[in-house]
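Descriptive structure summary
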Amino acid sequence: MTTELPPALSADGPVDLLVVGAGVIGLAHAVEAHLRGLSVLVIDRDDRAVGASVRNFGHICITPQDGRALDLAIGGRTRWLELAAKASVPVLECGTLVLARSAAELGVLEEFAERRGSDQVRLLGRADVGRRLAGHDPAVIGGAELPLDLRTDPRRAVAAIAGWLVDQGVEIRRRTTATSFEQGVVRTTRGPIAARKVVVAVGHDVDHLLPDIADEVGLRRCALQMLRVAAPDDLRVVPAVLTGLSMLRYPGLAATSAAPTVRESFGRQAPELLDAVMNLMFTQLDNGDLIIGDTHRYALTHEPFDDEDVADLVLRETARLLGVGGLTVRQRWRGIYADSDQTDFLIKELGADTRVVSVTSGIGMTTSHGLASAVLDDLL
Ligand SMILES: Cc1cc2nc3c(=O)[nH]c(=O)nc-3n(C[C@H](O)[C@H](O)[C@H](O)COP(=O)(O)OP(=O)(O)OC[C@H]3O[C@@H](n4cnc5c(N)ncnc54)[C@H](O)[C@@H]3O)c2cc1C
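Definitions and limits used
Residues numbered from 1 in each chain as written. Predicted model: local features only at pLDDT ≥ 70, side-chain atom pairs only at ≥ 80, totals over all residues. Heavy atoms only, no water. Helix = DSSP H or I, 4+ residues; strand = E, 2+ residues; numbered from the N terminus. Rg over C-alpha atoms; globule rule 2.2 N^0.38 Å. Lys, Arg positive; Asp, Glu negative; His and termini not counted. Charge placed at Lys NZ, Arg CZ, Asp CG, Glu CD. Near = heavy atom within 4 Å. Polar contact = N/O pair within 3.5 Å; in protein donor to acceptor, adjacent residues only side chain to side chain. Areas by Shrake-Rupley, 256 points an atom, 1.4 Å probe, with all protein chains shown as cover. Nonpolar A, V, L, I, M, F, W, Y, C, P; charged D, E, K, R; others polar. Domains from an automatic or database assignment. Buried < 20%, exposed > 50% of the residue type's maximum accessible area, 1.4 Å probe, protein only. Core = buried A, V, L, I, M, F, W, Y, C linked by side-chain atoms within 4.5 Å. Contact = heavy atoms within 4.5 Å.

Quick look at the overall build of the chain now. Regarding its fold elements, the chain presents 13 helices and 20 strands. In terms of overall size, the chain behaves like a compact globule, its C-alpha atoms giving a radius of gyration of 21 Å where 380 residues would be expected to give roughly 21 Å. Structurally, the chain occupies a C-alpha span of about 80 × 40 × 40 Å along its principal axes. Charge separation in the chain, taken as the distance between the mean sites of 40 positive and 51 negative side-chain charges, equals 3 Å.

Below you can see the structure in the form of structure tokens.
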């Protein structure tokens, strides 16, 4: 009886790098390795990307980060722009517009501008805001522009990166699920694959595939309720838009001395927004529709039922922000990402030649390319 070896264990020998997971994190590693001249094979359990990487705002939210996340975000910015030029990935150098609707929120932005300087943060008066966002809440008293930030269309970006990799000769083997890892071999639902190095980038599914590693950083799943709405009055807004609630979320803004006052004021005036852990923000798709959100719930396993009250809250607050009476909903969905209180980035060795990588802070679009470069510097 003869036993045929599966292709990856045949005379061709092992690939230099096997990437498990074809979301933005896995593909960023594939791009980085390919550009370093390695042979790369990517596998994914699905026929196309449907995970966190297509369910997000597409906000490459660089400046509001702090510490390591800021370094990785700045490091990855150039790669996003390169991919826009050579892989037709839709990326806009549009910056972020942060709106302030109270003196405390303006205080956060003033302090942030002072810390970061005018290359990163430019304060805006009310009229400046009006030129960038025609329709808005009359309560807006000013804002800031964060010119380094970028924006992509999350529904097209991952497919465009995957398409470019395939054009470059990188194989993406779909409907192939990794099940276990041994030295030099990854077992999959379609047989073993031999690889010199392995990156496991399965997003929040790391808790199913490698539960002990997930437990080491207290990994849980964060569920977000998201909506796509028609733009009121044909509104066009180029930058991503953040609000006072974003100042409580992103570490660069949340570290200012005025941020606790912003939190107290939400606690007094609209505690339901804090209860929903809302980060009121939006980005615009090419056809004008707005991606709006978001809210956060944390659990190891989530109830399958979304709460319509939470969606109503997002709709109410977005309508108020845009100074309109209501919004037409076109789509609703739930996004899930991996979250940890202990770290923003899970990077674990699984033997000398394998790294398990998951962004555990909801900023994978922003940090993907900087992270891939850092992980491969260490692994190769
Ligand atoms: C609603 C929402 C809004 C967000 N907004 C932003 C934002 O604006 N900016 C930002 O920077 N970040 C944002 N994020 C976070 C960002 O989307 C994620 O950090 C990022 O997409 C994670 O990418 P990933 O490749 O790790 O995961 P995923 O995109 O989920 O990809 C993981 C892939 O692994 C595959 N897989 C899983 N298990 C296996 C297996 N055993 N074998 C083979 N394949 C497997 C899956 O099929 C999937 O394709 C948001 C997230 C959500 C949910």
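Attention shifts here to the site of the ligand. Neighbouring the ligand are 34 residues; Asp44, Ser53, His59, Ala178 and Thr366 lie closest to it. Here isoleucine 25 contributes a backbone N or O atom positioned 3.1 Å from an oxygen atom of the ligand. The fraction of the free accessible surface of the ligand (1,000 Å²) that becomes covered by protein chains is 96%. Residues that form the shell around the ligand fall into these classes: 15 nonpolar, 14 polar and 5 charged. Two domains each provide a minimum of three residues to the shell around the ligand, namely domain 1 (12-55 + 155-217 + 343-379) and domain 2 (96-147 + 220-339).

Let's shift gears to the environment of proline 211. Of note, proline 211 is situated in helix H8 (residues 211-216). Look at proline 211 and you get partly exposed, because its relative accessible area is 38%. Spatially, the C-alpha atom of proline 211 lies 16 Å from that of glycine 351, the residues being 140 residues apart in sequence.

Next up on the list: the nonpolar core. The biggest cluster of nonpolar side chains holds 55 residues, and the ones touching the most others in it are Leu99, Leu133, Phe282, Leu290 and Ile292. Of the residues forming this core, the biggest block, 6 residues, is contributed by helix H4 (residues 103-116). For isoleucine 292, the contacting residues outside a window of four places in its chain are Phe57, Met226, Leu227, Val229, Met281, Phe282, Val314, Leu315 and Thr318. By size, the runner-up hydrophobic cluster in this structure holds 43 residues, among which are Val31, Ile62, Val91 and Leu371.

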